[in-house]
Amino acid sequence: MTTAVHPRAPADGGTAGGTGSATGTTALDTRPEEPPRLLAGRRRWLFAALVAVGFAQAGAAVAWAALVARLAGGTSPLAALLPWAAGLVAATAALVFGERVLAERMGQSWVADVRTALFRRASAAPARQGGRGRSTGGASLRMMGNLSALRRWAGLGLARLAVALPLLAGCLVAFTVIAPPVAAAVGAVAGAGLAATAALSPWLRSAHRAARRRQARVAAHVVERIGKTPVVQAFGRERAERRVLARRSANLAREQVRRARAVGAVRAVGEATTLAATAAALVAAAAAGTGPAQATAAIAVVGIMVTPLRDLSRVSEYRSGCAVAMRQIRTELARPKRRRPGASAPRLPDGGGALDLEEVRVDGVFAPVAAHVPAGSVVAVTGPNGSGKSTLMAVLAGLLPPDGGRVLLDGGDVNACRASSVRRAVGVVGPDLPLLRGTVGSNVRYADPRVGGARFRAAVASGGLDPLIAELPMGLQTPVREDGGGLSAGQRQRVALARALLNRPRLLLLDEADAHLDTEAAGVIDEVVADFPGTVVIVTHRPERLASADTVWRLGGGLLRTGAAGSGGRG
């Protein structure tokens with residue numbers, strides 16, 4: 001008997017992407033996640049160590065000024081002062097070395113934590129939503145660019161700020177010892193220069209943002225078109241694509257020049273501040289009537305002061321880049337993610353693969369549906385393109401939480417039971433689950449990289465891989481490029497089947513697994529369906545597959561109609 005499920009108002013008040021199953025749990029977590037803080041954990045101690053390095057360098061600057069004054073004044077024998085001078089030089093070099101190492105550790109630690117947070121959020125995105133509307137090239141470039149901007153701010157911006165401010169303060173103390181007017185003059189010039197740099201920050205931030213946006217567009221265009229060269233050639237679009245690239249490259253160049261103007265202005269202000277502070281120190285020293293020894297010491301301190309002033313002038317540049325990057329990172333961390341069952345969640349009950357749909361609906365795709373599939377059955381799903389077949393498969397797999405209702409596998413809710421037990425019980429093959437870069441063997445073992453022995457050999461045999469491995473020159477070590485590049489469609493499908501069968505699942509979901517395959521490759525699918533001991537749900541348009549299934553589900557017009565097939569499944 002065929003039953004049609006008609007649309008009706010949601011019983012639980014659910015909305016798309018909002019509420020979850022009939023148990024009342026929320027399937028999607030829409031709360032934004034805060035990015036890891038820069039000064040957190042051991043990074044606080046690294047920052048404190050950098051500040052200590054800055055004060056140590058400040059002390060070395062004051063000591064160097066006093067030493068130079070004594071050398072110029074002739075108040076101490078040269079032989080007695082030389083060991084002190086050598087010691088100060090060695091100590092300063094060691095402090096500079098330590099500063100660089102501490103700064104890099106702090107930057108790399110922060111970037112690693114942020115990268116992990118971004119990956120964790122992306123990997124928790126609901127199936128068929130993660131990455132929607134974003135190109136691989138653009139997304140990759142944005143992620144790398146954002147993390148580089150964060151590392152520069154932590155390792156070259158904040159770290160230098162932690163060292164430069166104490167060092168500059170030490171230089172001012174040294175100037176005060178030499179002559180207070182010198183310290184006042186240098187302090188006034190340095191303050192004016194830093195204020196001018198801060199005033200340029202909005203322009204710098206805007207330029208950074210525009211340049212990064214143009215970079216992402218160019219990267220997306222180049223990566224996609226190079227990866228899909230046959231499409232470009234088949235439609236004679238080579239010249240047109242070059243024109244598009246030339247236009248986007250010109251826009252990128254224009255924004256990069258605008259960014260260079262902003263960066264150049266900031267650096268020019270920093271350099272002018274350094275030169276002006278040097279001149280102010282010398283003029284003030286001369287005006288104060290300091291002696292030769294004090295004047296020489298002032299010149300020595302001016303040489304030390306140049307580095308922290310230049311470093312402070314670059315801080316605004318790094319901070320602006322970090323602000324733009326952090327804005328995009330917060331956007332990524334605000335994307336909805338699946339709410340995973342906690343450690344206290346029950347494991348999926350044992351069973352043979354009985355499947356129950358309790359008023360399952362996906363808003364905008366299909367209305368609530370109730371269905372029961374006995375363990376060991378074969379269900380064929382058919383319907384026009386865009387009717388929601390792949391969405392239904394993702395819901396059955398527990399990869400996409402429904403907007404209402406529950407999917408039960410042997411009585412356990414796939415969205416409420418422990419994820420590890422669900423993943424072992426469900427094997428999936430589909431166009432949204434391509435092979436990964438690596439080897440044939442690593443792709444088969446992906447669900448359990450350490451597996452071997454009988455279980456691995458059984459998966460290889462069940463997926464029909466034995467003849468393929470014999471054909472390939474490197475066997476299981478044959479390289480596989482991104483999306484299964486290097487293998488034919490049939491070869492890719494066999495590897496995907498073996499990967500899905502590795503954990504010996506009780507529910508096998510095959511989304512268009514037999515589409516666009518030759519007779520031999522399609523025959524492998526037939527054997528897998530016939531020999532599989534559990535339940536199989538397969539999306540197909542083949543009449544013979546529909547006729548041999550135990551049940552046929554027809555999707556279309558927002559309705560899922562279920563009915564018995566012609567001759568029965570595996571008999």
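Whatever comes next refers back to the structure up there.
Quick look at the structure, then.

## Describing the overall build of the protein chain
Broken down by element type, the protein chain carries 16 helices and 15 strands. When burial is assessed residue by residue, the protein chain has 46% of its 571 residues classed as buried. Here the contacts in the protein chain between residues at least 6 apart in sequence split such that 81% fall between residues at least 24 apart. When the accessible surface of the protein chain is split by element, carbon and sulfur atoms take 60% of a total near 26,900 Å².

## Remarks on the packing of aromatic side chains
Summed over the entire model, instances satisfying the criterion amount to zero aromatic pairs. A cation sits over an aromatic face here: arginine 319 above tryptophan 153, 5.3 Å from the ring centre. In this arrangement the basic side chain of arginine 445 is found over the ring face of phenylalanine 456, its NZ or CZ atom lying 4.0 Å from the centre.

## Focus on the nonpolar core
Proteins that are soluble and globular tend to have nonpolar side chains buried together. Within the largest apolar cluster, 55 residues are counted, with the highest numbers of intra-cluster contacts made by Trp110, Leu150, Trp153, Phe175, Val182 and Met305. When residues in this core are grouped by element, the largest group, 17 residues, is from helix H3 (residues 136–178). Those residues in contact with phenylalanine 175 that sit more than four places away from it in its chain are Pro180, Val182, Ala183, Val186, Ala281, Ala298, Val301, Val302 and Met305. Membership of the second largest hydrophobic core comes to 35 residues, among which are Val429, Leu468, Val480 and Val495.

## Side note on the pattern of salt bridges
This structure, assessed with the given rule, holds 19 salt bridges. A salt bridge links glutamate 317 to arginine 267, with the shortest nitrogen-to-oxygen separation between them at 3.2 Å. Of the two residues, glutamate 317 is situated in helix H8 (residues 292–333) and arginine 267 in helix H7 (residues 238–287); the sequence distance between them amounts to 50 residues. We classify arginine 267 as partly exposed; its relative accessible area is 37%. When salt bridges with common partners are traced through the structure, they connect Asp526, Arg542, Glu544 and Arg545 into a single cluster.

## With respect to the side chain of histidine 208
Tracing the backbone through its elements, the reader meets histidine 208 in helix H5 (residues 201–227). Under the relative-accessibility criterion, histidine 208 is labelled buried at 8%. Each residue touching histidine 208, except ones within four places of it in the same chain, is listed here: Arg259, Glu317, Ser320, Gly321 and Val324.

## Things to note about the environment of glycine 303
Within the secondary structure, glycine 303 sits in helix H8. Since its relative accessible area comes to 49%, glycine 303 is described here as partly exposed. Taking the C-alpha atoms as reference points, glycine 303 and threonine 278, separated by 25 residues in sequence, lie 8.2 Å from one another.

## As for the sheet that holds strand S7 (residues 404–409)
Strands sit in the order S5-S4-S7-S8 across an open sheet of four strands; the sheet is antiparallel. If you trace the sheet from one side to the other, it starts and ends with strand S5 (366–373) and strand S8 (412–413), each paired once. Judged from the five bridges that link them, strand S4 (residues 355–362) and S7 form a sheet pairing that is antiparallel. Bridge pairing in S7 links arginine 361 to glycine 404.

## Let's talk about unusual backbone geometry
Positive phi, normally seen in glycine, also occurs at glutamate 359, with a value near 50°. Structurally, glutamate 359 can be placed in strand S4. Backbone geometry places aspartate 410, a non-glycine residue, at a positive phi of 55°. Within the secondary structure layout, aspartate 410 lies in the loop between S7 and S8. Residue classification places aspartate 410 among the buried positions, given a relative accessible area of 15%.

## Some points on the environment of alanine 219
With respect to the helices, strands and loops of the structure, alanine 219 is situated in helix H5. For alanine 219, a relative accessible area of 17% translates into the label buried.

The rules behind the values
Residues numbered from 1 in each chain as written. Predicted model: local features only at pLDDT ≥ 70, side-chain atom pairs only at ≥ 80, totals over all residues. Heavy atoms only, no water. Helix = DSSP H or I, 4+ residues; strand = E, 2+ residues; numbered from the N terminus. Buried < 20%, exposed > 50% of the residue type's maximum accessible area, 1.4 Å probe, protein only. Contact = heavy atoms within 4.5 Å. Areas by Shrake-Rupley, 256 points an atom, 1.4 Å probe, with all protein chains shown as cover. Phe/Tyr/Trp six-rings, centres within 6.5 Å; stacked < 30°, edge-to-face > 60°. Lys NZ or Arg CZ within 6 Å of the ring centre and 35° of its normal. Core = buried A, V, L, I, M, F, W, Y, C linked by side-chain atoms within 4.5 Å. Salt bridge = Lys/Arg side-chain N within 4 Å of Asp/Glu carboxyl O. Pairing = 2+ DSSP bridges.

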